[in-house]
2 protein chains.
Amino acid sequence: MTAGERSIEFWFEFGSNYSYLSVMRIGEAAARHGVTVAWKPFLLGPIFKSFGWESSPFVAQKEKGEYVMKDMVRQCRKYGVLWRQPSVFPRIALLPMRVALIGAAEPWMGEYCRRIMLLNFSADRDINSEAVVREVLQQLGLPAEELVRSAQTEQNKLKLRQQTETARTRGVFGAPTFFVRGEMFWGNDRLDDALAFAAGNIPG
Amino acid sequence: MTAGERSIEFWFEFGSNYSYLSVMRIGEAAARHGVTVAWKPFLLGPIFKSFGWESSPFVAQKEKGEYVMKDMVRQCRKYGVLWRQPSVFPRIALLPMRVALIGAAEPWMGEYCRRIMLLNFSADRDINSEAVVREVLQQLGLPAEELVRSAQTEQNKLKLRQQTETARTRGVFGAPTFFVRGEMFWGNDRLDDALAFAAGNIPG
């Protein structure tokens, strides 16, 4: 296996709590396995709508939703990740997702995603606000105004819709989802298996 | 913590593929943690119906269902558990579940459950057949005819319905589900966390 093959596609959405866990973990974990991360932001809303759902299954199914918030307390403790239950769930994250699409191959992508996620799941901030997204980009020393403008172009909006449609046609039904050499792995609970497969340590 | 407190409630159903993984693993894993298992068979069907679902979400949601069968191949390989995709899914398991209710506190419970599960998920047999259930009980040297008769009494049928209703009122929405000192853990992916909590090694 060449180094170029040691990569993982990471499909995620800033509104998704289990994507939060993976965003916080994947940088360090992938590096440890010698695996590179291909960041794939996509929108969960249109995926859920394609199943005839109005919102997250954690909202539609009350029992599961209540459990998931308890699970998050324990999972965050297990992984050493900060946690405060957002007062709005799931949060709309259209603007930061559009910026993520622009930054997907940039060196600042990982840190940008971690900061947006921490604002949602630890600081309980409205991550879809232009002021909040600018703030994060400025903290990273990036041209915030220019990036936000590029993110809002019709071309970039269309590109995010297309990436979401690609997710759907590839059988993605939730987030986070990982692809390694065409094999799909669903959920933060499969991140370690997916990385081990990417590193060539386990069969698919 | 006294030894009596080191126990885990294991809510499961023979038709459930992720229950299969936990049934195969829990005996050894719980013993390793010094934790005793309280076996709690219950019916998933009435739980799903209470959500307005006609069948398993793995059937209703095609994309997820297809993924789950691939996930099972990998998970079974990871845990060293046999796997053959059942030709009927989910299988009705009313009779073996009723027998499980009778056997829940008996020393033969673990081996009985593993054999029923292997027949479903490795031998692709109809586990709701009286002949199949008798066969398993006979293999274990048990009075098969008497047990099957007791399992089919109105009293025992009612008891399984009541245990299922208890699951529902406690917020169970899928299987396997574990309870440790009142804390709920959902899914085979949480078995290790639940056992560590039962053993007092991690906070709840």
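One structure accompanies this document, and this report is about it.

The rules behind each value
Residues numbered from 1 in each chain as written. Chains lettered and ligands numbered in written order. Predicted model: local features only at pLDDT ≥ 70, side-chain atom pairs only at ≥ 80, totals over all residues. Heavy atoms only, no water. Helix = DSSP H or I, 4+ residues; strand = E, 2+ residues; numbered from the N terminus. Buried < 20%, exposed > 50% of the residue type's maximum accessible area, 1.4 Å probe, protein only. Lys, Arg positive; Asp, Glu negative; His and termini not counted. Salt bridge = Lys/Arg side-chain N within 4 Å of Asp/Glu carboxyl O. Contact = heavy atoms within 4.5 Å. Buried area = accessible area lost by both parts, 1.4 Å probe. Polar contact = N/O pair within 3.5 Å; in protein donor to acceptor, adjacent residues only side chain to side chain. Nonpolar A, V, L, I, M, F, W, Y, C, P; charged D, E, K, R; others polar. Least-squares fit on C-alpha atoms with pLDDT ≥ 70 in both. Axes fitted to C-alpha atoms, helices over the stretch in contact; angles between N-to-C directions. Parallel < 35°, antiparallel > 145°, perpendicular 65-115°, else oblique. Left-handed = near helix turned anticlockwise from the far one by under 90°. Pairing = 2+ DSSP bridges.

**With respect to the side chain of Lys64(B)**
- Within the secondary structure layout, Lys64(B) lies in helix α4 (residues 62–79).
- Buried charge without a salt bridge: Lys64(B), with Glu63(B) as the nearest opposite-charge side chain at an N-O distance of 9.8 Å.
- Here Lys64(B) is in contact with Phe173(A), Trp186(A) and Phe58(B), once residues within four sequence places are set aside.

**Some words on the interface of chain B and chain A**
- The interface of chain B with chain A comprises 23 residues on the first partner and 23 residues on the second.
- Approximately 2,300 Å² of surface area, both sides summed, lies buried where chain B meets chain A, with 50% of it carried by carbon and sulfur atoms.
- Among the residues of chain B in contact with chain A, Tyr67(B), Arg74(B) and Arg190(B) are the three that bury the most area, contributing 26% of the side total.
- Between the two partners, chain B and chain A, sit eight salt bridges.
- Note that Asp193(B) and Lys78(A) form a salt bridge whose closest N and O atoms lie 2.8 Å from each other.
- The interface formed by chain B and chain A holds 16 residue pairs in polar contact (both at pLDDT 80 or more) in total.
- When contributions to the side of chain B that touches chain A are tallied by element, the ones reaching two or more residues are α4 and β4 (183–186) of chain B.
- A total of eight residues in the side of chain B that touches chain A trace back to one element, the largest contributor, which is α4(B).
- Partitioned by chemical class, the residues of the side of chain B that touches chain A number nine nonpolar, four polar and ten charged.

**Points about the relation of the copies chain B and chain A**
- Mapping chain B onto chain A is achieved by rotating through 180° and translating by 0.0 Å along the same axis, at an RMSD of 0.0 Å. What the rotation and shift describe, once combined, is the action of a two-fold rotation axis. Using C-alpha coordinates, one finds that chain B approaches the rotation axis most closely at Asp189(B), a distance of 3.5 Å.
- Of the residues that chain B buries at the interface, 100% are likewise interface residues in chain A, meaning the two copies contact each other through the same surface.

**As for the packing of helix α7 (residues 130–139) of chain B against helix α8 (residues 144–151) of chain B**
Residues and elements named next belong to chain B.
- Where α7 meets α8, the closest approach of the two axes is 9 Å, and the angle between their N-to-C directions is 130°. Taken together, the axis directions place α7 and α8 in an arrangement best described as oblique. The handedness of the crossing between α7 and α8 comes out as right-handed. Taking contact as the criterion, the partners of Glu 130, Val 133, Arg 134, Leu 137 and Gln 138 in α7 are, on α8, Ala 144, Glu 145, Leu 147 and Val 148.

**Re the sheet that holds strand β3 (residues 177–180) of chain A**
Residue and element names in this part refer to chain A.
- Ordered by their spatial adjacency, four strands build an open sheet running β2-β1-β3-β4, and the pairing between neighbours is mixed. Strands at the two margins of the open sheet, each flanked by one partner only, are β2 (36–41) and β4 (183–186). On average, each strand axis in the sheet is tilted by 25° relative to the strand beside it, whichever way the strands run.
- The strands touched by helix α6 (residues 109–121) within the sheet are β1 (7–12) and β2, with β2 carrying the most contacts at an inclination of about 50°.

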